[in-house]
Structures are given as C-alpha cells and as structure tokens.
Amino acid sequence: MQRFVKVFGPGCLKCETLYENVKKAAQELGIEVFIEKVQDIKQMALFGVFKTPALWIDGQLVSQGELLSVEEIKKLLSK
C-alpha cells in the first residue's frame with residue numbers, strides 16, 4: 001500500500017530534516033511513500049498549516065510546528 005505524504009515548510013533546516021526523516025522512516029518500514037514538498041505559503045494555508053514544519057499523511061494533518069523524529073514518523077506511517 002502506497003502512502004501519500006506532504007511535508008510543509010519554506011525550506012528551512014527543520015523542514016528539510018523532516019523531509020529526510022520521512023524518507024528514512026519509510027525505508028526502515030519497507031513501505032512505498034510518495035512524498036511531496038510544499039513550500040508555497042498559499043498552498044500551506046489551503047491545507048490548514050500555520051506552523052512549520054508540518055506533516056500531512058493520507059489526507060490528514062498529523063503534525064505542525066514540530067520536528068518529528070524517524071521513530072515518531074514510523075508510528076504515524078504504521079497506522
């Protein structure tokens with residue numbers, strides 16, 4: 001089953017780290033994940049993102065304003 005993930009952020013270090021953590025979590029779980037970076041502020045607002053970095057998984061905003069660890073992301077992707 002493929003998961004669809006969006007990482008929201010303007011390109012800051014925390015946002016880039018979150019993106020890398022998502023890739024690593026998916027790799028460690030052995031699952032296929034389509035990851036999209038969203039850096040446009042208007043797009044972020046459309047998804048209800050007001051703090052970055054933010055993480056959206058399969059249609060649900062699961063985190064905003066914090067940098068999740070690989071282990072935290074693995075738990076979210078395993079649901």
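Thresholds, definitions, all that
- Residues numbered from 1 in each chain as written.
- Predicted model: local features only at pLDDT ≥ 70, side-chain atom pairs only at ≥ 80, totals over all residues.
- Heavy atoms only, no water.
- Buried < 20%, exposed > 50% of the residue type's maximum accessible area, 1.4 Å probe, protein only.
- Helix = DSSP H or I, 4+ residues; strand = E, 2+ residues; numbered from the N terminus.
- Pairing = 2+ DSSP bridges.
- Right-handed = clockwise from strand over helix to strand, strands pointing away.
- Arc of directions from axis to C-beta.

Attention now moves to the pairing of strand β1 (residues 3-8). Within β1, 5 of the 6 residues are buried, which leaves the element mostly enclosed by the surrounding structure. Here β1 pairs with strand β2 (residues 33-38) via 6 bridges, running parallel. Looking at the pairing, Val5 lines up with Ile35 of β2. Since β1 and β2 lie parallel, the crossover through helix α1 (residues 13-29) that links them has a hand, and here it is right-handed. Note: β1 against strand β3 (residues 54-57), 4 bridges, orientation antiparallel. Counterpart to Val7 in the pairing with β3 is Leu55.

Glancing now at helix α3 (residues 70-77). Along α3, the positions that sit buried rather than exposed are Val70, Ile73, Lys74, Leu76 and Leu77. Looking down the long axis of α3, one finds its buried residues gathered within 160° of arc, a one-sided arrangement.

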